[in-house]
Amino acid sequence: MYQMWFNSAQTWKILLVALSCHSHVQGLGGSQVWHVSNDAAASLVSDFESAGLLDVLHQSQKNRSFHVHHEHQDRVRRSLSDFGINIDVLVEDWDKFLMMQEAESSRNVKADEETQTCNRTSCTAPLNDQYMSFKQMEWYLQYLSQTYTERVNISSIGKSVENRDIWLVHLRPEGCADNTTTHHVKSIWLEGGIHAREWISPAVCLHFIHNILHDCELTQHFDIYILPEVNPDGYEYSRLNRSTRLWRKNRSFNEDTKCYGVDLNRNWDFQFGVVGASASPCSNIYKGPSAFSEPETAALSTAMAKIPNLELYIALHSYSQLLMYPWGYTIDETAPDTDELRKKCEIFVNNLNARFDNNFSCENSAAGLYFVGGASDDWAKGVLGVKYAYTLELRDAGNFGFVLPEDQIIPSVQETWDGFQAMLKSMTESTSEAAAPSQLNPQLKHFLFVLPVLLLLLSH
């Protein structure tokens, strides 16, 4: 029954797009978070999301949690009811929920007598108890560039829509005192913040920079590139007030609409727009007018293409507690190196879970979450040929979602660092094993050199 409706109801989609012009920023008072769970609901909710009538917060193939503005609730509720789909209301009033979160966060900060500071004159480490502003991130990066000149190189790879710098941090192995590496090292690329509301993502990236600087044991074997904030405009916009807290996209203005923004993780030039993306500028998953239409994705792709020996790519997102590998656009084809991708994925997840007995899992993107075209990890794999390409969905499983409390920053960093270290160790061991036969060559050469002499002596 549901399949018949979905196949024949093109008029629904046309109606939804026509109604989606109202999805520019609105107040959150009275808006709610709903949950549905069945096959039919997943398909219909995806259509609503593409049209901009709701904002999917958490999803799998059969489950959806989504945010609905009060002015769309009756319309969406009636449509779901017409298909026999029941909803569970998870949050009765999103604005009040955020107010409670902010009050709790403020109490926690005041209760901590060792609260850090980060200002223009002193910002020596990422904050443990607060999500940093983009300006504070820049102050920290400036401190690094002035303090760790041998190991750290920081450069702007481009400008955002609103003319903010997109900063790339290069952590070189040469800066480690005991570094004896003489061969061409492999490169690693980590990035965070492509979706504005996922604040834990840049926070973890910034702490990774700090950890790598102070731990050369494993990281000296790699060239590591970290881009902590891909979408600085969207990030700052999401910090303005509660009504903008769930902003996802960048801040491009879409002509002929009242709507801003492109989903930067639908804007990459690999399977662009084939699935899981919207052509409606008011949708949260709007793919943009063309691949790499946005200055942020254009800058990233250009910089990534210049990285030599790029072996590992991880895009940090939230939330869902998943480490995912390509492909995201299909389950009918298997990505190259899938067996190795899966093995390294399991190593990462098992070590991550060990610290807090957490429940992260390892999944193929399309099979485990949802179909998406034009995503960064598929581009890294499909265009650049990066052997290990992943998307990491950080904490949590949905209790707080995108508004993860600040007291979870450090646990998130710790568990993710455990997984990352284990993955690097596995990569180092794989490289050593692959190089082992060549290490015997000098001995073999020596043996072949003295063999005629030995044979001559034996003949006498």
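Residues numbered from 1 in each chain as written. Predicted model: local features only at pLDDT ≥ 70, side-chain atom pairs only at ≥ 80, totals over all residues. Heavy atoms only, no water.

- As annotated in an unreviewed UniProt entry, the protein chain is Peptidase M14 domain-containing protein from Meganyctiphanes norvegica.
- Of the protein chain, the UniProt comment under Cofactor (unreviewed entry) reads exactly: "Zn(2+)". (UniProt positions renumbered as here; feature names shortened; annotations may be inferred.)

### So, the overall build of the protein chain
Here is step 1: The secondary structure content of the protein chain amounts to 15 helices and twelve strands.
Here is step 2: Considering the protein chain as a whole, with its 460 residues, one finds that 54% of them fall into the buried category.
Here is step 3: Pairs at least 24 apart in sequence give 75% of the contacts found in the protein chain among residues at least 6 apart.
Here is step 4: Just so you have it, the protein chain exposes about 20600 Å², and 51% of that area is on carbon and sulfur atoms. (Helix = DSSP H or I, 4+ residues; strand = E, 2+ residues; numbered from the N terminus. Buried < 20%, exposed > 50% of the residue type's maximum accessible area, 1.4 Å probe, protein only. Contact = heavy atoms within 4.5 Å. Areas by Shrake-Rupley, 256 points an atom, 1.4 Å probe, with all protein chains shown as cover.)

### Focus: the state of the cysteines
Here is step 1: This structure, assessed with the given rule, holds four disulfides.
Here is step 2: Note that Cys118 is cross-linked by a disulfide to Cys123, the S-S spacing being 2.0 Å. Taking the sign of the torsion about the S-S bond as the criterion, the disulfide between Cys118 and Cys123, at about -95 degrees, is left-handed.
Here is step 3: Take Cys118: its relative accessible area is 9%, and that puts it in the buried class.
Here is step 4: Between the sulfur of Cys176 and that of Cys216 lies a disulfide, 2.0 Å long from S to S. Because the sign of the S-S torsion sets the handedness, a value of about -85 degrees for the bond joining Cys176 and Cys216 places this disulfide among the left-handed ones. With Cys176 in the loop between strand S6 (165–171) and strand S7 (186–192) and Cys216 in helix H8 (residues 216–219), the pair connects residues that are 40 residues apart, well separated along the chain. Side by side, Cys176 and Cys216 carry an identical accessibility label, which is buried. (Disulfide = S-S within 2.5 Å.)

### Some details on the pairing of S6
Here is step 1: Counting buried positions along S6 gives six out of seven residues, so the element sits mostly inside the fold.
Here is step 2: As defined by bridge partners, strand S5 (residues 152–159) adjoins S6 across six bridges and the pair is classed as antiparallel. In the strand pairing of S6, Val152 is matched with Leu171.
Here is step 3: Taken together, S5 and the strand that follows it, S6, pair antiparallel across an intervening segment of five residues, in which Asn163 is found at a positive phi of about 70 degrees.
Here is step 4: For S6 and strand S8 (residues 222–227), the ladder comprises three bridges, and the chain directions are antiparallel. By the bridge assignment, His170 is partnered in S8 with Tyr225. (Pairing = 2+ DSSP bridges.)

### Topic: the packing of aromatic side chains
For any pair of aromatic rings, the description consists of the separation of the ring centres together with the inter-plane angle of the planes.
Here is step 1: Following the criterion strictly, the structure yields 17 aromatic pairs and no others.
Here is step 2: With centroids separated by 6.4 Å and ring planes inclined at 85 degrees, the aromatic side chains of Tyr143 and Tyr148 adopt a geometry described as edge-to-face.
Here is step 3: For Tyr143, a relative accessible area of 24% puts it in the partly exposed group.
Here is step 4: Aromatic side chains Trp268 and Phe292 sit 5.5 Å apart centroid to centroid with 75 degrees between the ring planes, which places their arrangement in the edge-to-face category. Taken together, the residues span a long stretch of sequence, with Trp268 in the loop between helix H9 (232–238) and helix H10 (295–305) and Phe292 in the loop between H9 and H10 at a distance of 24 residues.
Here is step 5: An aromatic cluster is defined as three or more aromatic residues linked by ring pairs; in this entry it consists of Tyr131, Trp199 and Tyr235.
Here is step 6: Taking the ring centre of Trp199 as reference, the NZ or CZ of Arg245 above it sits at 3.6 Å.
Here is step 7: Its guanidinium or amino end placed over the ring of Tyr260, Arg251 lies 4.5 Å from that ring's centre, counting from NZ or CZ. (Phe/Tyr/Trp six-rings, centres within 6.5 Å; stacked < 30°, edge-to-face > 60°. Lys NZ or Arg CZ within 6 Å of the ring centre and 35° of its normal.)

### Some words on the environment of Asn241
Here is step 1: Along the chain, Asn241 falls in the loop between H9 and H10.
Here is step 2: For Asn241, a relative accessible area of 40% gives the class partly exposed.
Here is step 3: Separated by 143 residues in sequence, Asn241 and Leu98 have C-alpha atoms that sit 9.9 Å apart.
Here is step 4: Of the polar contacts made by the side chain of Asn241, one reaches the side chain of Ser243; its length is 2.4 Å. (Polar contact = N/O pair within 3.5 Å; in protein donor to acceptor, adjacent residues only side chain to side chain.)

### What to know about the pattern of salt bridges
If charged atoms from side chains of opposite charge come close, those side chains can pair.
Here is step 1: Per the stated rule, a full pass over the model turns up 16 salt bridges.
Here is step 2: In this structure, Glu162 engages Arg164 in a salt bridge whose closest nitrogen and oxygen atoms are separated by 2.8 Å.
Here is step 3: Since its relative accessible area comes to 41%, Glu162 is described here as partly exposed.
Here is step 4: For Lys343, the salt bridge goes to Glu340, with nearest N and O atoms at 3.7 Å. In this pair, Lys343 and Glu340 are both assigned in helix H11 (residues 338–356), three residues apart and thus about one turn of the helix distant.
Here is step 5: Ionic contacts of the salt-bridge type, sharing partners, join the residues Glu162, Arg164 and Asp233 into one network. (Salt bridge = Lys/Arg side-chain N within 4 Å of Asp/Glu carboxyl O.)

### Here we look at the UniProt feature "active site" (unreviewed entry) in the protein chain
Here is step 1: Those residues carrying the UniProt feature "active site" (unreviewed entry) are Glu393 in this numbering.
Here is step 2: Mapping Glu393 onto the fold places it in strand S12 (residues 388–394).
Here is step 3: From its side chain, Glu393 meets the backbone nitrogen of Tyr319 in a polar contact 3.3 Å long.

### Examining the nonpolar core
Here is step 1: Leu171, Ile209, Ile226, Leu312, Ile314, Tyr390 and Phe420 are the most contacted members of the largest nonpolar core, which has 56 residues in total.
Here is step 2: The element that contributes the greatest number of residues to this core is helix H7 (residues 200–213), accounting for nine residues.
Here is step 3: The residues touching Leu312, leaving out its near neighbours within four places in the chain, are Ser187, Ile188, Trp189, Val386, Tyr388, Tyr390, Phe420, Met423, Leu424 and Met427.
Here is step 4: Of all hydrophobic cores here, the second largest spans 25 residues; its members include Leu168, Leu227, Val230 and Ala389. (Core = buried A, V, L, I, M, F, W, Y, C linked by side-chain atoms within 4.5 Å.)

### Section: the confidence of the model for the protein chain
Here is step 1: When pLDDT is averaged across the protein chain, the result is 85; 82% of the residues are at 70 or more.
Here is step 2: Segment residues 1–25 is flagged for pLDDT under 50; beyond a separation of four residues in sequence, or across chains, it makes 37 contacts in the model.
Here is step 3: For the stretch residues 436–440, pLDDT sits under 50, and the model shows zero contacts to residues farther than four places along the chain or on other chains. (pLDDT = per-residue confidence, 0-100.)

### Some points on the environment of Cys282
Here is step 1: Within the secondary structure, Cys282 sits in the loop between H9 and H10.
Here is step 2: Sequence-wise, Cys282 and Gly52 are 230 residues apart; in three dimensions their C-alpha atoms are separated by 5.4 Å.

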